[in-house]
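What follows is each chain in one-letter form.
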Amino acid sequence: MAKTENRIIITFACTTCSERVYTSSKNKRNDARRLEINKYCPRCRTHHLFRETK
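Figured I'd write up the structure that's included with this text.

Side note on the overall build of the protein
Part 1: When its secondary structure is counted, the protein shows zero helices and four strands.
Part 2: Here the C-alpha radius of gyration of the protein, 13 Å, is well above what a compact globule of 54 residues would show, namely 10 Å.
Part 3: Expressed as a percentage of the 54 residues in the protein, the buried residues total 20%.
Part 4: Restricting to contacts in the protein with at least 6 residues of sequence separation, those with at least 24 account for 35%.
Part 5: Total accessible area on the protein stands at roughly 4500 Å², and carbon and sulfur atoms take up 46% of it.
Part 6: Taking the 13 positively charged and 5 negatively charged side chains of the protein as two groups, their mean positions are separated by 2 Å.

Right under this line is the structure:
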């Protein structure tokens, strides 16, 4: 069984309206920088850039 102590749960916030809709997990050792993903924002009703928040 693999150890999961390096993986953390992160949330993504929309860059225009700051709504937090999406969650994911990442490995802190492999991905030290903040992730950025294009996703659909239900408040804005368009696709926008979502950034990882603390």
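Things to note about the environment of arginine 45
Part 1: One can find arginine 45 in the loop between strand E3 (36–41) and strand E4 (46–53).
Part 2: A residue is classified by how much of its surface remains accessible, and arginine 45, at 66% relative accessible area, is exposed.
Part 3: For the pair arginine 45 and isoleucine 10, spaced 35 residues apart in sequence, the C-alpha separation works out to 23 Å.

Considerations on the sheet that holds E4
Part 1: Taken together, the four strands give an open sheet; going across it, the order is E2-E1-E4-E3, and neighbouring strands pair in antiparallel fashion. The open sheet has two edge strands with one neighbour each: strand E2 (20–27) and E3. On average, each strand axis in the sheet is tilted by 40 degrees relative to the strand beside it, whichever way the strands run.

Digging into the packing of aromatic side chains
The description of an aromatic ring pair rests on the distance of the ring centres and on the angle between the ring planes.
Part 1: Following the criterion strictly, the structure yields one aromatic pair and no others.
Part 2: Between tyrosine 22 and phenylalanine 50, the aromatic rings sit 5.3 Å apart at their centres with planes inclined by 80 degrees, giving edge-to-face as the arrangement. One end of the pair, tyrosine 22, is in strand E2; the other, phenylalanine 50, is in strand E4, and 28 residues separate them in sequence.
Part 3: Overall, tyrosine 22 belongs to the partly exposed group, its relative accessible area being 25%.

Rules and cut-offs
- Residues numbered from 1 in each chain as written.
- Predicted model: local features only at pLDDT ≥ 70, side-chain atom pairs only at ≥ 80, totals over all residues.
- Heavy atoms only, no water.
- Helix = DSSP H or I, 4+ residues; strand = E, 2+ residues; numbered from the N terminus.
- Rg over C-alpha atoms; globule rule 2.2 N^0.38 Å.
- Buried < 20%, exposed > 50% of the residue type's maximum accessible area, 1.4 Å probe, protein only.
- Contact = heavy atoms within 4.5 Å.
- Areas by Shrake-Rupley, 256 points an atom, 1.4 Å probe, with all protein chains shown as cover.
- Lys, Arg positive; Asp, Glu negative; His and termini not counted.
- Charge placed at Lys NZ, Arg CZ, Asp CG, Glu CD.
- Pairing = 2+ DSSP bridges.
- Axes fitted to C-alpha atoms, helices over the stretch in contact; angles between N-to-C directions.
- Phe/Tyr/Trp six-rings, centres within 6.5 Å; stacked < 30°, edge-to-face > 60°.

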